[in-house]
Amino acid sequence: MTESMISEIKITKVSQSKVSEVDLNNITMGTNFTDHMFICDYENGAWHNPRIEPLALIPTHPAAMALHYGQAIFEGMKATLGKDGTPLLFRPDENAKRLNHSADRMGMPSFPEDLFVEALKQFTALEKNWIPTSTGSALYLRPFMYADEAFIGMRAATSFKFIVMASPAGPFFSRKIKLYAEKKYVRAVNGGTGEAKAAGNYAAAIRPTEYAKAKGFDQVLWLDAQDFEYIQEVGTMNIFFKIEGKFITPSLTGSILSGITRMSVIDLLRSKGFEVTERPITITEIIEASQKGTLEEAFGTGTAVGIAMVEEIGNNDLSIKFPVENPVSVMVNDTLNAIKVQDIADEFGWIVEVK
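Residues numbered from 1 in each chain as written. Predicted model: local features only at pLDDT ≥ 70, side-chain atom pairs only at ≥ 80, totals over all residues. Heavy atoms only, no water.

J.: How do you make sense of the overall build of the chain when you look at a structure like this?
T.: What the chain contains, in helices and strands, is 8 helices and 18 strands. For the chain, the C-alpha radius of gyration of 21 Å lies close to 20 Å, the compact-globule estimate for 355 residues. Projected onto its principal axes, the C-alpha positions of the chain cover 60 × 50 × 35 Å. Within the chain, the fraction of its 355 residues that count as buried is 54%. Taking the contacts inside the chain whose residues are at least 6 apart along the sequence as the reference set, 72% of them involve residues at least 24 apart. When the accessible area of the chain is evaluated, it comes to approximately 15800 Å², of which 50% is carbon and sulfur surface. Looking at the chain, you have 35 positive and 44 negative side-chain charges, and the mean spots of the two groups are 3 Å apart. (Helix = DSSP H or I, 4+ residues; strand = E, 2+ residues; numbered from the N terminus. Rg over C-alpha atoms; globule rule 2.2 N^0.38 Å. Buried < 20%, exposed > 50% of the residue type's maximum accessible area, 1.4 Å probe, protein only. Contact = heavy atoms within 4.5 Å. Areas by Shrake-Rupley, 256 points an atom, 1.4 Å probe, with all protein chains shown as cover. Lys, Arg positive; Asp, Glu negative; His and termini not counted. Charge placed at Lys NZ, Arg CZ, Asp CG, Glu CD.)

J.: Would you mind going over the side chain of Glu149 with me for this structure?
T.: With respect to the element layout, Glu149 can be found in the loop between β7 (138-147) and β8 (160-169). Glu149 sits in the buried class, given a relative accessible area of 13%. In terms of polar contacts, Glu149 uses its side chain to reach the backbone amide nitrogen of Thr158, at 2.6 Å. Aside from chain neighbours lying at most four places away, what touches Glu149 is Ala63, Ala64, Met65, Arg155, Ala157, Thr158 and Ser159. (Polar contact = N/O pair within 3.5 Å; in protein donor to acceptor, adjacent residues only side chain to side chain.)

Here it is in structure tokens:
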């Protein structure tokens with residue numbers, strides 16, 4: 001079925017691209033969008049009609065179940081250009097797997113993973129001219145799925161749309177960031193939807209993030225929902241700490257998103273000889289390491305942010321400061337960026353060329 005759907009992808013191009021109207025060297029992600037979108041419909045128990053067409057508004061019934069019951073999930077990916085100008089995707093197969101993991105948790109149908117990757121390839125090839133070439137910039141790809149069935153009632157929807165759209169983006173953070181350890185609000189609980197990339201998870205984080213920004217911080221450092229002691233993740237990132245030369249990152253317990261960049265950084269650090277441990281981490285442990293002078297580096301990892309180095313964590317009235325120098329964080333950031341544009345060899349097999 002999937003092979004026939006791949007061969008059936010219909011492409012309708014715009015008559016005139018808008019790319020010449022946009023300065024790709026000076027752009028914020030999510031403010032400008034490319035010319036096209038990929039769409040596929042789920043009805044009667046199957047996906048059908050895969051197509052790429054000009055970006056346009058989507059007719060939506062006011063009773064679309066995603067609007068009322070939150071059946072909506074998404075992925076975040078980036079496309080870059082290789083040495084010869086070939087578009088490159090970073091581990092798209094892992095995004096396909098994670099989308100389906102999210103779909104399963106949210107009571108949604110899985111999307112064929114080979115069709116997911118092929119759709120991304122054809123879409124990216126069509127939007128090649130939208131890929132920025134500045135260091136740290138990329139074409140941000142947003143695959144998402146939502147329930148579009150018109151029905152008011154508490155059950156799983158029976159019709160869905162899977163869409164891919166894109167927005168050129170510069171570097172997310174151009175400086176180190178400050179995190180606020182949240183002690184009132186929570187992002188997720190064990191058994192909840194924290195491990196799914198569900199739209200509602202981010203809706204619940206908006207107000208606490210605004211409060212953190214009002215205090216002078218960039219994002220929230222989420223703690224566990226019971227004791228507000230165990231570190232989970234940051235607003236749009238997984239988190240790593242370097243203590244006495246060794247790296248630790250919170251283990252995936254069901255309430256933490258399994259980041260594609262996270263798993264890549266773990267492999268990269270280990271390949272460089274660093275010890276990396278996935279385990280529960282308390283905020284108290286981080287405070288004590290800071291007081292003893294053994295807390296050496298911290299950085300967040302995510303598709304949109306890349307590697308975001310941490311300058312400070314605010315914890316009630318206590319400020320946890322990090323050293324000025326971040327040599328390993330810089331190495332990780334530079335290495336990942338270099339792999340993504342083929343400045344260095346991809347020894348891990350992460351890059352997929354779009355011919």
